[in-house]
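# Architecture at a glance
Chain residues, written in single-letter form:
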Amino acid sequence: MTEKLLFERIGAIGVITYNRPEKLNAMTPEMAQAMIDAVSECNNDRAVRAVVLTGAGDRAFCAGSDISDLDRYETPWDFRNRPEYCDALRSLRVPSIAAVNGYALGGGLEMAMSCDIRIAADSAKFAAPEIKLGWIGGGGMVVHLTQSIGASNAAKMVLTGDPIDAQQALDWGLISEAMPAGMLHDRAVELAGIIASRAPIAAETAKANIHAAMSMPLSEAIAYERDLQTICMATDDASEGRKAFAEKRAPNFKGT
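Predicted model only: the values in this text are computed from it and were never measured.

### Notes on the sheet that holds strand β8 (residues 125-127)
Sheet architecture is open: four strands sit in the order β4-β6-β8-β9, paired in mixed fashion. In this open sheet, the two edge strands, each paired with only one partner strand, are β4 (60-62) and β9 (164-165). In this sheet, β9 lies alongside β8 in antiparallel orientation, the contact comprising two bridges. When the sheet's bridge partners are listed, Phe 126 is paired in β9 with Ile 164.

In structure tokens:
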């Protein structure tokens, strides 16, 4: 890791924190590589069952890439092939929660949308401001916005670059919950803990199923869902779940 991107464990929960509050937690190439490393650590550690992503301080979740670093790339192709932090987040096998504690701008919005669940402080702001600087997002901005809030609302955000507040984000379906900032971290950890308590193979297959459902035709998506259900039914955890239900006790899921 790096001091600018922190990774810690809270039981079965991995917490990734952008740690440049003085720069609105803007990402550097070094932070992008640290993100890739943190995701790899989570994917390789079966004890990690959920991940929370958040920003240090009370002003920003993440303001995207540090614009002052963009001139370090000698050619547009070098820029195209840089370490991609949104790709890393999308490669997480376990469920992820973005706890948006302030500005989520550009790549920061893309990273929030790369998580499975988004919750936010009621003071949070969301924007795709790249058009104001002469370019557009490249980390999944348009596809994620279109899927989350519809084509017209996505166009409004991408073509104006203007921000929306947490209430608008909640009304449009960009986030699932909005709350006072002081409650956000605890709620994110609580929600991650609930997910981590569920059968981990079922949680990972459910995540895969949701992603597939957004891109597959209906009949194929249903067939895929049934295949994933069959995989889950063959696990020890499914047997444990049925046994615990019959015995009226909490199940002890082991990820097998």
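### A look at the pattern of salt bridges
For the coordinates displayed, the defined rule picks out ten salt bridges. The salt bridge partner of Arg 9 is Asp 45, with a shortest N-O separation of 2.8 Å. In this pair, Arg 9 is assigned in strand β1 (residues 5-10) and Asp 45 in the loop between α1 (29-44) and β3 (50-55), connecting sequence segments 36 residues apart. On the basis of relative accessibility, which here comes to 25%, the residue Asp 45 falls in the partly exposed class.

### Considerations on the packing of aromatic side chains
Within the structure shown, the criterion is met by one aromatic pair. Seen from their ring centres, Tyr 18 and Phe 61 are 5.4 Å apart, and the 85 degrees between their planes marks the pair as edge-to-face. On the criterion of sequence distance, the pair formed by Tyr 18 in strand β2 (residues 13-18) and Phe 61 in strand β4 is long-range, its members being 43 residues apart. In this structure Phe 61 comes out as buried when scored by relative accessible area, which is 0%.

### Re the nonpolar core
Ranked by size, the top nonpolar core spans 47 residues in total, and within it Tyr 18, Met 35, Met 111, Phe 126 and Leu 145 carry the most contacts. Of the residues forming this core, the biggest block, seven residues, is contributed by α1. Ignoring anything within four residues of it in the chain, the contact list for Met 111 reads Tyr 18, Met 27, Met 35, Leu 53, Cys 62, Tyr 85, Cys 86 and Leu 89. Core analysis: the second largest hydrophobic core is formed by 15 residues, Ile 119, Ala 121, Ala 192 and Ile 195 among them.

### Quick word on the packing of helix α5 (residues 141-149) against helix α6 (residues 151-160)
If you want to describe how two helices pack, look at the angle between their axes and the distance between the axes. Following both chains from N to C, one finds α5 and α6 inclined at 135 degrees, their axes separated by 7 Å at the closest point. Taken together, the axes of α5 and α6 lie oblique to each other. α5 and α6 meet at a crossing whose hand is right-handed. Contacts between α5 and α6 involve Met 141, Val 142, Leu 145, Thr 146 and Ile 149 on the former and, on the latter, Ala 151, Asn 153, Ala 154, Met 157 and Val 158. Its residues placed into classes, the contact of α5 with α6 shows eight nonpolar, two polar and no charged.

### Quick word on unusual backbone geometry
Phi at Asn 25 takes a positive value of approximately 60 degrees, unusual for a residue other than glycine. Tracing the sequence through the fold places Asn 25 in the loop between β2 and α1. Of note, Lys 248 is a non-glycine position whose phi angle comes to about 55 degrees, a positive value. Counting through the fold element by element, Lys 248 comes out in the segment after α11 (236-247).

### Focus on the sheet that holds strand β5 (residues 96-100)
Pairing in this open sheet of six strands is mixed, and the strands run β1-β2-β3-β5-β7-β10 from one edge to the other. In this open sheet, the two edge strands, each paired with only one partner strand, are β1 and β10 (177-179). Neighbour-to-neighbour, the strand axes of the sheet open up by a mean angle of 20 degrees, direction not taken into account. Two elements, β5 and strand β7 (residues 117-121), share four bridges in a ladder whose sense is parallel. Across the sheet, Ala 99 pairs through a bridge with Ile 119, a residue of β7. Sitting on the sheet, helix α8 (residues 181-197) is in contact with β1, β2, β3, β5, β7 and β10, with an inclination near 160 degrees to β7.

Reading guide: rules and limits
Residues numbered from 1 in each chain as written. Predicted model: local features only at pLDDT ≥ 70, side-chain atom pairs only at ≥ 80, totals over all residues. Heavy atoms only, no water. Pairing = 2+ DSSP bridges. Helix = DSSP H or I, 4+ residues; strand = E, 2+ residues; numbered from the N terminus. Salt bridge = Lys/Arg side-chain N within 4 Å of Asp/Glu carboxyl O. Buried < 20%, exposed > 50% of the residue type's maximum accessible area, 1.4 Å probe, protein only. Phe/Tyr/Trp six-rings, centres within 6.5 Å; stacked < 30°, edge-to-face > 60°. Core = buried A, V, L, I, M, F, W, Y, C linked by side-chain atoms within 4.5 Å. Contact = heavy atoms within 4.5 Å. Axes fitted to C-alpha atoms, helices over the stretch in contact; angles between N-to-C directions. Parallel < 35°, antiparallel > 145°, perpendicular 65-115°, else oblique. Left-handed = near helix turned anticlockwise from the far one by under 90°. Nonpolar A, V, L, I, M, F, W, Y, C, P; charged D, E, K, R; others polar.

Geometric descriptors of this kind do not, in isolation, establish any biological role.
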